[in-house]
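Summary of the model geometry
As a plain string of letters, each chain reads:
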Amino acid sequence: MEILLIFIAAVLTQNFVLHYFLGICPFLGVSGKSNSAFGMGIATTFVMTLAAMATWLINHFILVPFELKFLQYVSFIIVIAGLVQLVEMFVHKVFSDLYRVLGIYLPLITTNCAILGLTLFMVMRDYTFLQAVIFGLGAGAGFTLALIIMAGIREELEFSNIPDCFRGAGITLITAGILALAFMGFSGII
């Protein structure tokens, strides 16, 4: 039951984008079209899940036993960067259209603070390996959910009559704020 609660919390009540406001750059940059939002969400979920696994192992079998906890940030960033390179090469080779659509945002997963936040929250909350993996999967699913919802709304806004002063970034930020408020409604679940 605890595993399910960790997953649901990461998706809904503690969504990295809409609760912690981590990963805003790809959230705003890639959420213009549903296809690119879904592709970025899947790539980020994959990196988050693998990063949770790899950093948990590094932290528990190398950093803590050898009293090297001061290297957490550096080692976690190196792991994340390596994983992103693998994902980028895979997407470029297998999904070349998606690779072109994502453009600069795919390598920017490396600097996505949501992934670093995931690894640091995982250590701070002292999760077991299974809990860390579920947390990574849930955080990625929550990130994907937020991207897809925002992309759907932004696609509909293209055909709406929006005052000139709100067009572009203005309406996008207002929509993101309203979406974050809507997700606050889930906070009573857990």
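All residue numbers refer to position in the chain's written sequence, counted from 1. Reporting of local features is limited, given that this is a predicted model, to residues whose pLDDT is at least 70; pairs of side-chain atoms are given and counted only at 80 or more, and all residues count toward the totals for whole chains, interfaces and linings. Water and hydrogen atoms play no part in the side-chain values, which are based on all heavy atoms of the structure.

Quick look at the overall build of the chain now. Runs of E in the DSSP output that reach at least two residues are strands. Runs of H or I that reach at least four are helices, and both are numbered from the N terminus. Check the secondary structure of the chain and you find eight helices and zero strands. Going residue by residue from the N terminus, the α and β elements of the chain occur as α-α-α-α-α-α-α-α. To get the radius of gyration, use the C-alpha atoms; to get the globule rule, take the number of residues to the power 0.38 and multiply by 2.2 Å. Taken against the 2.2 N^0.38 rule, which gives 16 Å for 190 residues, the C-alpha radius of gyration of the chain at 17 Å falls within 12% of a compact globule. In terms of overall dimensions, the chain has a C-alpha envelope of 60 × 45 × 25 Å along the principal axes.

With that settled, the discussion passes to the layout of surface pockets. The rule is simple: put a 1 Å grid over the protein atoms alone, call a set of points where a 1.4 Å probe fits but cannot get out a cavity, call an open set with protein on both sides within 12 Å along at least five of seven lines a pocket, and count a residue as lining if it has an atom within 4 Å of a point. Grid points are joined across faces, edges and corners, and a volume is the space filled by probe spheres set on the points. Its boundaries defined by the atoms lining it, the largest pocket holds a volume of some 230 Å³. Lining the largest pocket are Asn35, Phe38, Gly39, Ile42, Ala43, Phe46, Val87, Phe90, Val91, Phe95 and Leu98. For the lining of the largest pocket, the secondary-structure elements that each account for two or more residues are helix H3 (34-63) and helix H4 (72-94). With six residues, H3 is the largest single contributor of residues to the lining of the largest pocket. Classification convention: Asp, Glu, Lys, Arg as charged; Ala, Val, Leu, Ile, Met, Phe, Trp, Tyr, Cys, Pro as nonpolar; all other residues, Gly among them, as polar. Residues belonging to the lining of the largest pocket are distributed by class as follows: nine nonpolar, two polar and no charged. Taken together, Gly32, Arg154, Leu157, Glu158, Ile162, Arg167, Gly168, Ile171 and Thr172 make up the lining of the second largest pocket. Listing elements by their share of the lining of the second largest pocket, those giving two or more residues are helix H7 (129-157) and helix H8 (169-184). Looking at the lining of the second largest pocket residue by residue, the classes come out as three nonpolar, three polar and three charged.

Attention now moves to the side chain of Asn59. Checked against the element boundaries, Asn59 lands in helix H3. Counting of polar contacts relies on pairs of N or O atoms within 3.5 Å, with two restrictions inside protein: one atom must be capable of donating a hydrogen and the other of accepting it, and residues adjacent in sequence are counted only when both atoms are side-chain atoms. Of note is the side chain of Asn59, whose polar atom sits 2.8 Å from the side chain of Gln72. Leave out the neighbours within four places in its chain, and Asn59 touches Val64, Pro65, Gln72, Phe76 and Val123. It only takes one pair of heavy atoms within 4.5 Å for two residues to be counted as in contact.

For salt bridges, the criterion is a side-chain nitrogen of Lys or Arg within 4 Å of an Asp or Glu carboxyl oxygen. Inspection of the entire model under this criterion finds three salt bridges. The partner of Glu158 in a salt bridge is Lys33, with the nearest N and O atoms 3.1 Å apart. Here Lys33 lies in the loop between helix H2 (24-30) and H3 and Glu158 lies in the loop between H7 and H8, a separation of 125 residues in the sequence. Whether a residue is buried, partly exposed or exposed follows from its accessible area with a 1.4 Å probe, protein chains only, as a fraction of its type maximum: under 20%, in between, or over 50%, in that order. The exposure class of Glu158 is partly exposed, given its relative accessible area of 48%.

The next thing to look at is H4. Since the α-helix packs 3.6 residues into each turn, any two residues three or four apart lie on the same face. How far a helix is expected to stretch is found by multiplying one less than its residue total by 1.5 Å. For H4, which comprises 23 residues, the first-to-last C-alpha distance of 33 Å matches the rise-based estimate of 33 Å (1.5 Å per residue) to within 8%. Within the span of H4, buried status applies to Gln72, Ser75, Phe76, Val79, Ile80, Leu83, Val84, Val87, Glu88 and Val91. The elements touched by buried residues of H4 are H3, helix H5 (96-102) and helix H6 (113-124).

The next subject is unusual backbone geometry. Of note, the phi angle at Phe21 is positive, near 55°, even though the residue is not glycine. Relative to the helices and strands, Phe21 is located in the loop between helix H1 (2-13) and H2. The residue Glu67 is not glycine, and still its phi comes out positive at about 50°. Within the secondary structure layout, Glu67 lies in the loop between H3 and H4.

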